[in-house]
Amino acid sequence: MKSDLQKKAYWKSRRGLHELELILIPFVENCFSELNEIHQLSFMELLDNEDVVLMDWLVYKQDPPQQFIKIVDLIFNIESF
């Protein structure tokens, strides 16, 4: 059963840019529940950023701020889950 936080993460992962949805939604569906609470909250905070900023970090692979490095690494390594 999905937690309320996972449901919220899913809805916040629905973005205006399809490219972001292709990254974020599978991560939420397949990996979010496996994360510890710190990483879950970090992911939620990541989702508060604008689409263009997330595109830079997740699609164009520009370095995110220090606070998001770990969660972005986890997103990029989705196959390790």
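One can find the structure itself at the top, above this paragraph.
I will try to describe carefully the structure that is included in this document. What you see is a predicted model, and the numbers here were worked out from it, not measured in a lab. (Residues numbered from 1 in each chain as written. Predicted model: local features only at pLDDT ≥ 70, side-chain atom pairs only at ≥ 80, totals over all residues. Heavy atoms only, no water.)

As for the pattern of salt bridges
- As enumerated under the stated definition, the model contains 2 salt bridges in all.
- Among the ionic pairs, Lys 12 bridges to Asp 48, the shortest N-O distance being 2.5 Å. One end of the pair, Lys 12, is in helix α1 (residues 4-13); the other, Asp 48, is in the loop between α3 (37-46) and α4 (51-59), with 36 residues separating them in the sequence.
- Taking the relative accessible area as the measure of exposure, Lys 12 reaches 23% and is therefore partly exposed.
- One salt bridge in this structure joins Asp 51 and Arg 15, with 2.7 Å as the shortest N-O distance. (Salt bridge = Lys/Arg side-chain N within 4 Å of Asp/Glu carboxyl O. Helix = DSSP H or I, 4+ residues; strand = E, 2+ residues; numbered from the N terminus. Buried < 20%, exposed > 50% of the residue type's maximum accessible area, 1.4 Å probe, protein only.)

Comments concerning unusual backbone geometry
- Located in the positive-phi region is Lys 61, a residue other than glycine, with phi close to 55°.
- Take Lys 61: its relative accessible area is 56%, and that puts it in the exposed class.

Some details on the packing of α3 against helix α5 (residues 69-76)
- Contact pair α3 / α5: the axes reach a minimum separation of 9 Å and the direction vectors enclose 95°. On the basis of the axis angle, α3 is roughly perpendicular to α5. Contacts between α3 and α5 pair His 39, Ser 42, Phe 43 and Leu 46 from the former with Lys 70, Ile 71, Val 72, Leu 74 and Ile 75 from the latter.
- When grouped by side-chain class, the residues that make up the contact of α3 with α5 number 6 nonpolar, 2 polar and 1 charged. (Axes fitted to C-alpha atoms, helices over the stretch in contact; angles between N-to-C directions. Parallel < 35°, antiparallel > 145°, perpendicular 65-115°, else oblique. Contact = heavy atoms within 4.5 Å. Nonpolar A, V, L, I, M, F, W, Y, C, P; charged D, E, K, R; others polar.)

Examining the environment of Met 55
- On the secondary structure map, Met 55 appears in helix α4.
- The spatial distance from the C-alpha of Met 55 to the C-alpha of Leu 17 is 8.7 Å, given a sequence separation of 38 residues.
- Not counting chain neighbours up to four residues away, the residues in contact with Met 55 comprise Leu 17, Glu 19, Leu 20 and Tyr 60.

Points about the packing of aromatic side chains
- Summed over all chains, the structure comprises 4 aromatic pairs.
- Measuring from centroid to centroid gives 5.2 Å for Phe 27 and Phe 43, while their planes differ by 40°, and the two rings are tilted. Taken together, the residues Phe 27 in helix α2 (residues 18-31) and Phe 43 in helix α3 connect sequence positions 16 residues apart. Both residues of the pair, Phe 27 and Phe 43, count as buried.
- Every member of this aromatic cluster is reached through a ring pair, and the members are Phe 27, Phe 32 and Phe 43.
- The ring of Phe 76 has Lys 61 lying over it, and the distance from NZ or CZ to the ring centre is 4.8 Å. (Phe/Tyr/Trp six-rings, centres within 6.5 Å; stacked < 30°, edge-to-face > 60°. Lys NZ or Arg CZ within 6 Å of the ring centre and 35° of its normal.)

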